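Coordinate analysis (summary)
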Amino acid sequence: MSETTGGITAIQPLTPELERRVERNPLLHIDTFVIPSPYVKDSEIEKDYKHSYVWIEEGEILGFVLVYSDRARQSFHIYKLVTSPFGRGRGIGTLFIEHLAHSIPADSTLYLYVWEKQTDTLEFFQRKGFSVGKTTVYRNLIYYHMFAHRNEIRIEALPSAATRELFHEEIGRTRHDAKKTIRLLAHMVEMLSIDNCGRIIEDINRETTTLINILNAFRDTVSSTHAVNVKDLILERIIPYIEAYAVPCTVKLTLDTESTNVLGYYVNFGRALVNIVSNALEAIAEAGRKGVIEIELSEEGPDLALRITDNGTGMDPALLQCGADGYPAFVGSTTKGRRKGEGLGTVQIYSTFGVENISVESMPGAGTSWVIQLPKSGDRMDRWFLKLEQRFHELKTIAEESRLTAQSSRTEVIAYIWQLRKIQLYLFDLILQFGKYHNVRTIFRSVLAFLLGRLEAAALQSEVEALRSEYPQLKSRLIETAIEIKSRFERLQTTVDYSQYRGALFKSYGQAMDNVIIFTLDPQTGHFYATDRKLAEHLDFVSYLGKQRDQLLRGEFIGDVNELTQPIVLGVWSVESEADLRAKLKLLRAGAHKLLEIGVYPDKRLSFYRTTHVRHARDINSDVSTTLAAFATCADEELWAFTTDASDELQDFISALE
């Protein structure tokens, strides 16, 4: 059995030649840390090329599995299972295990050792049917022995049609919630005056952050369950939403419980409760009376009960009747006379809390009451926090094993850079965890200033200690990680010729497969700074590059830089005149040249940003794309083909964002 991708055989048997290629590939060794010797369990075991495999696409090795076996071919040890950062998220590890299960004898056993702190790896193999056996201590680290008989290995796959259906449903929910937040922002702008500007600006900032969180959550494929403080959610998100709405409304809040933490997902809970109160406000507006919304949080046995009652138009009793699926008739169907919604808000509410935890009472002309049962969080630790802790321990172990000297080979330097970038991406995720209470861009600017020598460690520590978080450990992790990154960057710059590794420095951001990475580039030197899109704007890097904004380029990409069809986007900030437009086109061409020079493939797609400030009749055309090589080789007169008539539409809005 072999898997194919685009007609190319992906899984191939490992050979000594391919093994040498694996050993020379730094992308397949950035995660390597101490693992038990393959001979710990059986000193007679041997390397088994027949049952070891590599994953090859277009000549590039994206992963490998190295297997040892006994002479009777009854016991198979998975010694290494590695996927390149550019192959992650594609199920390569799963396909290796399933392919191996098809290849070994029916009565044989697979086993491996997993470090105790690699909880994701433990869970992955448990899902595949492996059992956890005794622990082994090797070089002062504890490892679990995991094993499975061939017929116990599970082969599962979600049908692609189901995946697409779930994807489209989430797009609809995200579109619905984003539109609702944008409508609220419009109401806030209309209310802005000299007397209330401070409060309204704060509310706009909070709602803008919420909108960003909603859109970022769409890309979050892991459904995290953690502690949500319902009282804080109501006070910080729901009541300000009601107060900012155009409908006059009195809010009555009753908290009849000391414990207000429940298990859930903060962003989804916020979206669901906003949908409930938004529907209530629209029902009140339709009733034409002064609104009253009562919110009550109380204890009911092991759970909390959240009751939200309004005095709007109410619903017809027929809409409250439940169908065979247990859902009331109004779920998924708009009940609004003006038909502003598409019923997606109610779908999101029920998908968040579960139909079994929701009851709705309503009387036409009198109003509606929602009661939601919420499980208390108790002492259960957040799953996202456990994952961050796991990553911290893994990266710390990798860092301890990684050393860089003047004698290090180019391959070793590249591996060092990829490991360093992996730690930096972890730092980005750490900063994002403070987004519930703080502006993460402000935090990132302080961390960036520290990394680049403009802020002392003591000053950064003072700022971080003042941050609010349910987990104080995150603060120490942030400080420790930032110090480690700065130390490793300084070692890299003093040990090797930094300019010779621009390609590795740029491409290594591709490990963040689903993150939008923005960068600001000096097209003359190739010097650049980059980060996760959620943490900064391109302008944040300008002062560190030592040039004026209009001498630099802004850009972005997602995932593997070697993926040709996923474009790099480049752009400028302003176009003042025809002469300036021609100069900016040449600047973009120089940027394309520099990206080719550092090792980006010539056939990589290239697209263009809409220019932020346009004071000329023509602009760079953001609706066309080309390749890096084609654009870099354009003659001066050919560059004009990449322009179009300028449009004033959205320019003020885009300028405000920048």
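Rules and cut-offs
- Residues numbered from 1 in each chain as written.
- Predicted model: local features only at pLDDT ≥ 70, side-chain atom pairs only at ≥ 80, totals over all residues.
- Heavy atoms only, no water.
- Helix = DSSP H or I, 4+ residues; strand = E, 2+ residues; numbered from the N terminus.
- Buried < 20%, exposed > 50% of the residue type's maximum accessible area, 1.4 Å probe, protein only.
- Contact = heavy atoms within 4.5 Å.
- Areas by Shrake-Rupley, 256 points an atom, 1.4 Å probe, with all protein chains shown as cover.
- Core = buried A, V, L, I, M, F, W, Y, C linked by side-chain atoms within 4.5 Å.
- Axes fitted to C-alpha atoms, helices over the stretch in contact; angles between N-to-C directions.
- Left-handed = near helix turned anticlockwise from the far one by under 90°.
- Parallel < 35°, antiparallel > 145°, perpendicular 65-115°, else oblique.
- Pairing = 2+ DSSP bridges.
- Patch = residues over 30% accessible without salt bridge, like charges linked within 9 Å, V, L, I, M, F, W, Y side chains within 5 Å.
- Salt bridge = Lys/Arg side-chain N within 4 Å of Asp/Glu carboxyl O.
- Expected span 1.5 Å × (residues − 1).
- Phe/Tyr/Trp six-rings, centres within 6.5 Å; stacked < 30°, edge-to-face > 60°.
- Lys NZ or Arg CZ within 6 Å of the ring centre and 35° of its normal.
- pLDDT = per-residue confidence, 0-100.

In terms of regular secondary structure, the protein chain is built from 19 helices and 27 strands. Buried positions account for 51% of the 658 residues belonging to the protein chain. If you take every contact in the protein chain between residues at least 6 apart in sequence, the share linking residues at least 24 apart comes to 70%. In the structure as shown, the protein chain presents an accessible area of about 30400 Å², 50% of it carried by carbon and sulfur atoms.

We now examine the nonpolar core. By size, the foremost hydrophobic cluster in this structure holds 116 residues, and its most contacted members are F130, L492 and F506. When residues no more than four places from it in sequence are discounted, the contact partners of F506 are F519, F528, F557, V561, I568, L595, I598 and V600. Counting residues in each nonpolar core, the second largest holds 39 residues, with Y266, V277, A280 and V360 among its members.

Two elements in contact, helix α11 (residues 410-432) and helix α12 (residues 440-451), have axes whose closest approach is 9 Å; the angle formed by their N-to-C orientations is 145 degrees. Crossing angle aside, the handedness with which α11 passes α12 is right-handed. Residues L427, F428, I431 and L432 of α11 lie in contact with α12, whose contacting residues are V440, I443, F444, V447 and L451.

Relative to each other, helix α6 (residues 230-244) and helix α7 (residues 266-287) sit at 30 degrees, their axes nearing to 10 Å. Classified by the angle their axes make, α6 and α7 are roughly parallel. Crossing angle aside, the handedness with which α6 passes α7 is right-handed. Here L233, E236, R237, I238, Y241 and I242 of α6 come into contact with α7, specifically with Y266, F269, G270, L273, V274, V277, S278 and L281.

To continue, consider the sheet that holds strand β19 (residues 528-532). Here we have six strands laid out as an open sheet, ordered β19-β18-β20-β21-β23-β26, and mixed in their pairing. Strand pairing shows two members of the sheet lacking a second neighbour, β19 and β26 (625-627), which therefore form its edges. Between one strand and the next, the sheet's axes are offset by a mean angle of 25 degrees, whatever the strand orientation. For strand β23 (residues 605-608) and β26, the ladder comprises three bridges, and the chain directions are antiparallel. Opposite R605, over in β26, you have T627 as the bridge partner. Running over the sheet, helix α17 (residues 578-597) touches β18 (516-521), β20 (553-558), β21 (568-571) and β23 and is turned about 145 degrees from β21.

On the surface, L235, L253 and L255 cluster together into a nonpolar patch covering about 220 Å² of accessible area. Within the secondary structure, L235 sits in helix α6.

Overall, the coordinates contain 25 salt bridges when judged by the stated rule. With a shortest N-O distance of 3.5 Å, E480 and K396 are connected by a salt bridge. Remark: K396 occurs in helix α10 (residues 383-401) and E480 occurs in helix α14 (residues 473-495); sequence separation between them is 84 residues. R445 is the partner of D540 in a salt bridge, and the nearest nitrogen-oxygen pair spans 3.0 Å. Here R445 lies in helix α12 and D540 lies in the loop between β19 and α16 (542-545), a separation of 95 residues in the sequence. Judged by relative accessible area, which is 15%, D540 ranks as buried.

Given a rise of 1.5 Å per residue, twelve residues ought to cover 16 Å, and the 16 Å separating the end C-alpha atoms of helix α2 (residues 92-103) matches this to within 8%. For α2, a buried count of nine out of twelve residues is recorded, marking the element as mostly surrounded by other parts of the structure. Among the residues making up α2, those that are buried are I92, G93, L95, F96, I97, E98, H99, L100 and A101. Packing partners of the buried residues in α2 comprise β3 (11-13), β5 (53-57), β6 (60-69), β7 (75-83), β8 (109-115) and α3 (119-127).

The next thing to look at is the environment of K50. Mapped onto the elements of the fold, K50 is located in the loop between β4 (46-47) and β5. In sequence terms K50 and I104 are 54 residues apart; their C-alpha atoms lie 9.8 Å from each other.

Quick look at the packing of aromatic side chains now. All chains considered together, the criterion is met by 25 aromatic pairs. Between the aromatic rings of F125 and F130, the centroid separation amounts to 5.2 Å while the plane-to-plane angle is 80 degrees, which identifies the pairing as edge-to-face. Accessibility expressed as a relative area gives 3% for F125, which makes it buried. Exposure remark for F130: the relative accessible area of 4% places this residue in the buried category. Ring geometry for F428 against F444: centres 6.1 Å apart, planes inclined by 70 degrees, an arrangement best described as edge-to-face. On the criterion of sequence distance, the pair formed by F428 in helix α11 and F444 in helix α12 is long-range, its members being 16 residues apart. Each member of the pair F428 and F444 is classed as buried. Ring pairs connect the aromatic residues F428, F444, Y529, F541 and Y544, which therefore count as one cluster. Across the ring face of F392, the terminal group of R477 is positioned such that the distance to the ring centre comes to 4.0 Å. Cation over ring: K507 sits above Y601, and NZ or CZ is 4.9 Å from the ring centre.

Below, the discussion takes up the confidence of the model for the protein chain. Looking at the protein chain, pLDDT values average 84 and 84% of them are 70 or higher. Across residues 157-168 the pLDDT falls below 50, and counting only partners more than four positions away or on other chains, this stretch makes two contacts in the model. Long-range and interchain partners of residues 649-658, a stretch whose pLDDT sits below 50, account for 16 contacts in this model, where long-range means more than four residues apart.

Attention now goes to the side chain of T626. Turning to its location among the elements, T626 is positioned in strand β26. Look at T626 and you get buried, because its relative accessible area is 11%.

Residues in a regular strand project their side chains so that they alternate between the two faces of the sheet. By the bridge criterion, seven bridges tie β8 to strand β10 (residues 141-149) in an arrangement that is antiparallel. In the strand pairing of β10, T109 is matched with H149. Direction of pairing for strand β9 (residues 131-138) relative to β10: antiparallel, over a ladder of six bridges. Considered in β10, the bridge of S131 is made with F147.

This part covers the environment of I598. Its place among the elements puts I598 in the loop between α17 and β23. Note on I598: relative accessible area 18%, which makes it buried. Separated by 92 residues in the primary sequence, I598 and F506 place their C-alpha atoms 8.4 Å from one another. Setting aside residues no more than four positions away along its own chain, I598 makes contact with R502, G503 and F506.

This part is about the sheet that holds strand β12 (residues 249-256). Read across the sheet, five strands follow the order β12-β14-β15-β17-β16 without closing on themselves; strand pairing throughout is mixed. Two strands close off the open sheet at either side, each with one partner strand: β12 and β16 (358-363). Adjacent strand axes in the sheet meet at a mean angle of 10 degrees when their direction is disregarded. When β12 meets strand β14 (residues 291-300), the two strands line up parallel, connected through eight bridges. Looking across to β14, one finds that L255 is bridged to L297. Along the sheet, α6 makes contact with β12, β14, β15 (303-310) and β17 (367-375), crossing β12 at roughly 175 degrees. Sitting on the sheet, α7 is in contact with β12, β14, β15 and β17, with an inclination near 25 degrees to β15.

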